[in-house]
Amino acid sequence: METYLNHPTFGLLFRVCMVEENQELFTTLYAQRLFFLVTTGSSGLAFEPISRSDARHLVENRLRILRRMGASKDFEQLQKIHKQTFQ
């Protein structure tokens with residue numbers, strides 16, 4: 001399922017993947033050049049801009065976790081997003 005979020009400055013963001021509980025990686029919808037670590041907390045959403053290389057590292061870590069868990073469907077979907085975004 002695709003998830004979108006509206007950033008106050010950069011507009012529509014696309015969810016790349018979950019990173020940890022209450023933390024997800026988003027990128028700008030069209031250019032996919034700006035990445036944000038979005039944390040959900042009691043005070044709402046917090047947007048932390050991160051570099052492309054940090055975002056790639058987070059996605060590759062998530063891919064390893066999904067492979068170890070045997071979540072093949074989620075792994076395949078994220079692998080496709082990884083290829084589209086970083087290669």
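Use the structure listed above.
In this report, the structure presented in the accompanying data block is examined. (Residues numbered from 1 in each chain as written. Predicted model: local features only at pLDDT ≥ 70, side-chain atom pairs only at ≥ 80, totals over all residues. Heavy atoms only, no water.)

### Comments concerning the packing of helix α1 (residues 52-69) against helix α2 (residues 72-86)
- Remark: α1 packs on α2, axes separated minimally by 9 Å, with the N-to-C direction vectors making an angle of 160°. By the criterion of interaxial angle, the relationship of α1 to α2 is roughly antiparallel. Where α1 crosses over α2, the handedness of that crossing is left-handed. On α2, the residues touching R52, A55, R56, V59, E60, R62, L63, L66 and R67 of α1 are D74, F75, L78, Q79, H82, T85 and F86. (Axes fitted to C-alpha atoms, helices over the stretch in contact; angles between N-to-C directions. Helix = DSSP H or I, 4+ residues; strand = E, 2+ residues; numbered from the N terminus. Parallel < 35°, antiparallel > 145°, perpendicular 65-115°, else oblique. Left-handed = near helix turned anticlockwise from the far one by under 90°. Contact = heavy atoms within 4.5 Å.)

### Observations concerning the packing of aromatic side chains
- Scanning the entire structure with this criterion turns up four aromatic pairs.
- Ring centres of Y4 and F14 lie 5.8 Å apart, and the angle between their planes is 55°; on these two criteria the pair is classed as tilted. Within this pair, whereas Y4 is found in strand β1 (residues 4-7), its partner F14 is found in strand β2 (residues 11-20), the two being separated by 10 residues in sequence.
- Judged by relative accessible area, which is 39%, Y4 ranks as partly exposed.
- For the ring pair F35 and F86, a centre distance of 5.6 Å and an interplane angle of 20° mean the geometry is stacked. Placement of the pair is F35 in strand β4 (residues 35-41) and F86 in helix α2, with a sequence separation of 51 residues.
- For F86, a relative accessible area of 8% gives the class buried. (Phe/Tyr/Trp six-rings, centres within 6.5 Å; stacked < 30°, edge-to-face > 60°. Buried < 20%, exposed > 50% of the residue type's maximum accessible area, 1.4 Å probe, protein only.)

### Points about the nonpolar core
- With 19 residues, the main nonpolar core has V16, L25, I50, V59 and L78 as its most contacted residues.
- Elements supplying a minimum of two residues to this core: β2, β4, α1 and α2.
- Per-element tally for this core: the top contributor is α1, with five residues.
- Setting aside residues up to four positions removed in sequence, L25 forms contacts with F14, R15, V16, C17, V19, F35, F36, I50, A55 and V59.
- In terms of nonpolar packing, the next biggest core, distinct from the first, is built from five residues, L5, L13, F26 and F36 among them. (Core = buried A, V, L, I, M, F, W, Y, C linked by side-chain atoms within 4.5 Å.)

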